[in-house]
Amino acid sequence: MSRFSITAEAIETAPLRGQLLDARAGAFASFEGWVRDHNEGQSVSGLHYQAYAELALAEGEKLLDEALALFDIVDARCVHRVGELSIGEMAVWVGVSAGHRDAAFAACRWIIDETKLRVPIWKQERYVSGVEAWLHPTVAAAE
Amino acid sequence: MSRFSITAEAIETAPLRGQLLDARAGAFASFEGWVRDHNEGQSVSGLHYQAYAELALAEGEKLLDEALALFDIVDARCVHRVGELSIGEMAVWVGVSAGHRDAAFAACRWIIDETKLRVPIWKQERYVSGVEAWLHPTVAAAE
Amino acid sequence: MTGVQVLYFASLRQAAGVEGEAVQTAASDLAGLYAELRTRHGFAWDSAHLRVAVDGAFARWEDAPAEGAQIAFIPPVSGG
Amino acid sequence: MTGVQVLYFASLRQAAGVEGEAVQTAASDLAGLYAELRTRHGFAWDSAHLRVAVDGAFARWEDAPAEGAQIAFIPPVSGG
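Below or above, wherever it landed, is the structure these notes cover.

What counts and what doesn't
Residues numbered from 1 in each chain as written. Chains lettered and ligands numbered in written order. Predicted model: local features only at pLDDT ≥ 70, side-chain atom pairs only at ≥ 80, totals over all residues. Heavy atoms only, no water. Least-squares fit on C-alpha atoms with pLDDT ≥ 70 in both. Contact = heavy atoms within 4.5 Å. Buried area = accessible area lost by both parts, 1.4 Å probe. Salt bridge = Lys/Arg side-chain N within 4 Å of Asp/Glu carboxyl O. Polar contact = N/O pair within 3.5 Å; in protein donor to acceptor, adjacent residues only side chain to side chain. Helix = DSSP H or I, 4+ residues; strand = E, 2+ residues; numbered from the N terminus. Nonpolar A, V, L, I, M, F, W, Y, C, P; charged D, E, K, R; others polar. Axes fitted to C-alpha atoms, helices over the stretch in contact; angles between N-to-C directions. Parallel < 35°, antiparallel > 145°, perpendicular 65-115°, else oblique. Core = buried A, V, L, I, M, F, W, Y, C linked by side-chain atoms within 4.5 Å. Buried < 20%, exposed > 50% of the residue type's maximum accessible area, 1.4 Å probe, protein only. Pairing = 2+ DSSP bridges. Expected span 1.5 Å × (residues − 1).

Time to look at the relation of the copies chain B and chain A. The two copies are related by a screw operation: chain B maps onto chain A through 180° of rotation and 0.0 Å of translation along the axis, at an RMSD of 0.0 Å. The relationship between the two copies is best expressed as a two-fold rotation axis. Looking at the rotation axis and the C-alpha trace of chain B, the residue lying nearest is Ser30 of chain B, at 2.6 Å. A share of 100% of the interface residues of chain B reappears at the interface of chain A, consistent with the copies meeting face to face through the same patch.

The interface of chain D with chain A comprises 23 residues on the first partner and 26 residues on the second. When the buried area of chain D at its contact with chain A is split by residue, Val77, Ser78 and Gly80 of chain D rank highest and sum to 30% of it. The interface formed by chain D and chain A includes zero salt bridges. Where chain D touches chain A, the interface holds 11 residue pairs in polar contact (both at pLDDT 80 or more). For the side of chain D that touches chain A, the elements supplying multiple residues, two or more each, are helix H1 (10–16), strand S4 (57–59) and strand S5 (70–74) of chain D. In terms of residues, the side of chain D that touches chain A owes the most to one element, H1 of chain D, which gives four residues. Partitioning the side of chain D that touches chain A into residue classes produces 13 nonpolar, eight polar and two charged.

Turning our eyes to something else, we now look at the packing of helix H3 (residues 101–118) of chain A against helix H3 (residues 101–118) of chain B. Contact geometry of H3 of chain A with H3 of chain B gives a least axis separation of 12 Å together with a crossing angle of 175°. The orientation of H3 of chain A with respect to H3 of chain B, classified from their angle, is roughly antiparallel. Residues Arg101, Asp102, Phe105, Cys108, Arg109, Ile112, Asp113 and Lys116 of chain A of H3 of chain A touch H3 of chain B, and the partners they reach there are Arg101, Asp102, Phe105, Cys108, Arg109, Ile112, Asp113 and Lys116 of chain B.

With that out of the way, let us pick up the nonpolar core. Counting 71 residues, the largest nonpolar core has Ile111 of chain A together with Ile111 of chain B as its most contacted members. With residues up to four places along the chain from it excluded, the contact list for Ile111 of chain B reads Leu63, Leu64, Ala67, Ala76, Cys78, Val94 and Val96 of chain B.

For the rest of this paragraph, the subject is the sheet that holds strand S2 (residues 20–25) of chain C. Residue and element names in this part refer to chain C. Across the sheet, five strands lie side by side as S2-S1-S5-S3-S4; this open sheet has mixed pairing. Each end of this open sheet is capped by a strand with a single partner; those strands are S2 and strand S4 (57–59). If you compare each strand with its neighbour and ignore which way they point, the axes differ by 35° on average. Bridge analysis of strand S3 (residues 51–54) against strand S5 (residues 70–74) gives four bridges, and the strand direction is antiparallel. When the sheet's bridge partners are listed, Val52 is paired in S5 with Phe73.

Here three pairs of chains are in contact, and chains A and B lead that list by number of contacts. Separated throughout, chain A and chain C approach each other most closely at a C-alpha pair spaced 10 Å apart. Here chain C and chain D are not in contact; the least distance found between their C-alpha atoms is 30 Å.

Time to look at the environment of Gly26 of chain A. Looking at where Gly26 of chain A falls in the secondary structure, it is placed in the loop between helix H1 (13–20) and strand S2 (27–34). Classification of Gly26 of chain A by relative accessible area gives buried; the value is 12%. Separated by 35 residues in the primary sequence, Gly26 of chain A and Glu61 of chain A have C-alpha atoms spaced 24 Å apart. The residues contacting Gly26 of chain A, other than those within four sequence positions of it, are Ala98 and Gly99 of chain A together with Glu32, Gly33, Trp34 and Arg36 of chain B.

Looking now at the pattern of salt bridges. In the structure shown here, the tally under the stated rule is 36 salt bridges over all chains. Residue Arg77 of chain B is joined to Asp75 of chain B by a salt bridge in which the shortest nitrogen-to-oxygen separation is 3.1 Å. As a salt-bridge pair, Asp63 of chain C and Arg60 of chain C come within 3.2 Å of each other at their nearest N and O atoms. Each member of the salt-bridge network shares a partner with another, and the members are Glu59, Lys62, Glu66, Glu114 and Arg118 of chain A.

Another aspect to go through is the sheet that holds strand S7 (residues 90–98) of chain B. Pairing is mixed in the open sheet, where eight strands are placed in the order S1(A)-S5(A)-S7(A)-S2(A)-S2(B)-S7(B)-S5(B)-S1(B). Taken across any chain shown, the strands that pair with only one partner, and hence form the sheet edges, are strand S1 (4–7) of chain A together with strand S1 (4–7) of chain B. Each adjacent strand pair in this sheet contributes to an overall mean axis angle of 10°, direction not counted. Across the face of the sheet, H1 of chain A comes into contact with S2, strand S5 (73–81) and strand S7 (90–98) of chain A together with strand S2 (27–34) and S7 of chain B while running at roughly 20° to S7 of chain A.

Here the focus is H3 of chain B. Helix length check: H3 of chain B (18 residues) gives 25 Å between terminal C-alpha atoms against 26 Å at 1.5 Å per residue, within 8%. Where H3 of chain B is concerned, the buried positions are Ala103, Ala104, Phe105, Ala107, Cys108, Trp110, Ile111, Ile112, Glu114, Thr115 and Arg118 of chain B.

Right, dumping it as structure tokens:
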């Protein structure tokens, strides 16, 4: 079964949450990344996400397997959007079910952090000024 | 505007999440408490939640005002179910929108913790054995 | 004597067998009122483990009961 | 000479102007292959800031390019 997915369509969270329902679960934590209208002082008009899909799916699945081993949770899902996104659209969703809330929150946070660190997906911001820029977290170090 | 609510019907999260959409928000964290089939070694068949509604609404609203002052978030909502609940039903929902995920997660966790500590709502568990028991976290100290 | 309306919740309601009742009390404070009702209904809780509310807001045990007040005894909560 | 297929992403794709290309290389490892392509396309990144993948799995810079392999250069990611 695949717990990590990539979609070019608007993310539908209800079916993913439904996959996590379990009579043993007393807690469900979820996270959504939304496209916001600014970043580091610049006005953003929209985003483009590009993925190396084959590797992103493998790395995402590995990451969720690790989460299931590291935390006392029942199950987890993560989906990342690609393509063009407007302000307010959902770029990423993480959902975690667990017996108790400690593990649900901790695993949900870990999954979004690791996804942002490890999964080969890139964000290009379009600014209101018309400029577009690919974001690479260590770009300063590369100059 | 009221950010904390109590309902005797199944919780509908979509309209509450919709109230939190904001172009300044890049992160949305939410938590759901689900009725699970066991607690501390006993098999649970269902729950009953009772609220002192007047005080619970006032205390819940105060708690969400505090969250808005304590954390760098855009907005937050919490709703608690009352009455009879079956296994798998949602007892409580918390949603928080924020610029960044640190504050969204921290505030979401704080709101559910404080709700459980401070808001006058009580849980009665019905066990598969037929016994019913009101839960009072410090019951041992009272004996 | 002061006439008040008392509300019970959760295990206190279960022990009292009613959601609330009209009470005439000679107690000078809310702690004294609770002590009377504890004797009447056999409540397990000492007031140190409860909170008390008057007219929908948390109050202090040393507050005097006011004529016509709605007084609620709040056992440890277990929502969520 | 070894024939490989190279994939570019994000700012590397922007700099190269193509999503990927077929390359004939005499490089003995993937670091050498990247150095050749960096010269050709003027990539800003040193290989120390990138990761490399072969046929959909992360690989090591010291691995030799294999005939027909699909090789991807992975700049720092920014999903989420």
